[in-house]
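Descriptive structure summary
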Amino acid sequence: GEPRPGEHLDVGHNPLGSLSVFALLAIVSLQVISGLFSNDEIFNEGPLASYVSGRTSAVLTFYHTTIGQPLIYILVGMHLAAILYYAVFKHKSLVRPMITGDIDTVAGAPATRDTWALRFLALLIVCAGGVLAWWISTLGSVGAY
């Protein structure tokens, strides 16, 4: 639709939204990495915990359970609050564009490059990530039997 007077239409995230996305990706990555080396010395042990010293594993376990987990909750909460803010106060739904990847913008804004080849490449990357995750999970079971 047509922009209202004084309205600025963004294509993609605004700068704060971009930083928030990068922060969430970084914190989730750190959570995954620290979980690989974590060990609660009772029941749960990350598949790579036996490859580091007990002290290193303890530090990563502390980060994983005490710092990383609450940070993820905070960042997800901030994302949900931003979605709610845009829906209630700016009357913009961000959910559909997040799912479809498309947003109504002003005329003349270039369309994103979304081809079947890029979608296939994304599928290959997801599959490669799944295989890598499976392989890493088997490392912890070496010598366990």
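Here, every reference points to the structure presented above.
Described in the following lines is the structure provided in the data block.

How each quantity is defined
Sequence order sets the numbering: in each chain, residues are counted from 1 along the sequence as written. Local features are withheld for residues below a pLDDT of 70 in this predicted model, meaning they are given only at 70 or higher, and side-chain atom pairs are given and counted only at 80 or more; totals for whole chains, interfaces and linings count all residues. Excluding hydrogens and water, the side-chain figures rest on all heavy atoms present in the structure. Numbering goes from the N terminus for both helices and strands, where a helix is a DSSP run of H or I of at least four residues and a strand is a run of E of at least two. Buried, partly exposed and exposed residues are distinguished by accessible area as a fraction of the type maximum, computed with a 1.4 Å probe on protein chains only: under 20%, between the cut-offs, and over 50%, respectively. All accessible areas in this document rest on Shrake-Rupley with a 1.4 Å probe, and a residue is counted as covered only by the protein chains that are shown. A 3.5 Å cut-off defines polar contacts: any pair of N or O atoms within that distance qualifies, except that in protein one atom must be a possible hydrogen donor and the other a possible acceptor, and neighbouring residues in sequence count only when both atoms are side-chain atoms. Between two residues, a contact is recorded if the distance between any of their heavy atoms is within 4.5 Å. Pairing of aromatic rings covers Phe, Tyr and Trp, the last through its six-membered ring, and needs centres within 6.5 Å; plane angles under 30 degrees mean stacked, over 60 mean edge-to-face, and all others mean tilted. Here, over-ring charges are defined by two tests on the NZ atom of lysine or the CZ atom of arginine: distance to the ring centre within 6 Å, and angle to the ring normal within 35 degrees. The span expected for a helix works out to 1.5 Å for each residue beyond the first. Bend, at a single residue, is the angle you get between axes fitted to the 7 residues ending at that residue and the 7 residues starting at it.

Below, the discussion takes up the overall build of the protein chain. On a plain count of helices and strands, the protein chain comes out with four helices and zero strands. Its helices and strands taken in sequence order, the protein chain reads α-α-α-α from the N to the C terminus. Counting every position in the protein chain, which comprises 145 residues, the buried fraction comes to 16%. For the protein chain, the accessible surface area stands at approximately 11200 Å², while carbon and sulfur atoms represent 70% of it.

The next subject is the side chain of Ser38. Tracing the chain through its elements places Ser38 in the loop between helix 1 (15–36) and helix 2 (54–89). The buried category is assigned to Ser38, whose relative accessible area is 9%. Engagement of the side chain of Ser38 in a polar contact is seen with the backbone oxygen of Ser34, the distance being 2.6 Å. Apart from the residues lying within four places of it in its own chain, the contact partners of Ser38 are Glu45, Gly46, Ala49, Ser57, Leu60, Thr61 and His64.

Here we come to the packing of aromatic side chains. Using the criterion set out here, one finds two aromatic pairs in the structure. Taking the centre distance of 5.4 Å and the plane angle of 40° together, the rings of Tyr85 and Phe89 count as tilted. Highlighted residues: Tyr85 and Phe89, both in helix 2, separated by four residues, approximately one helical turn. Ring-pair connections join several aromatic residues into one group, and the members of that group are Tyr85, Tyr86 and Phe89. The residue whose ring lies beneath Arg119 is Trp116, and the NZ or CZ to ring-centre distance is 5.0 Å.

Below, the discussion takes up helix 2. Helix length check: helix 2 (36 residues) gives 50 Å between terminal C-alpha atoms against 52 Å at 1.5 Å per residue, within 8%. Taking the largest bend as the criterion, helix 2 deviates by roughly 35°, centred on His64. Within the sequence span of helix 2, burial applies to Ser57, Thr61, Tyr63, Gly68, Ile72, Leu75 and Tyr86. Its buried side turned inward, helix 2 meets helix 1. Where helix 2 ends, the next residue or the one after it, His91, has phi of about 55°, a positive value.

One can find Gly101 in the loop between helix 3 (95–100) and helix 4 (116–139). Exposure remark for Gly101: the relative accessible area of 49% places this residue in the partly exposed category. C-alpha separation for the pair Gly101 and Thr112, spaced 11 residues apart in sequence, amounts to 8.9 Å.

Let us look at the side chain of Thr61. Position of Thr61 relative to the elements: it lies in helix 2. Taking the relative accessible area as the measure of exposure, Thr61 reaches 14% and is therefore buried. Reaching out from Thr61, the side chain makes a polar contact with the backbone nitrogen of Asn39 at a distance of 2.8 Å. Excluding residues within four positions of it along the chain, Thr61 makes contact with Phe37, Ser38 and Asn39.

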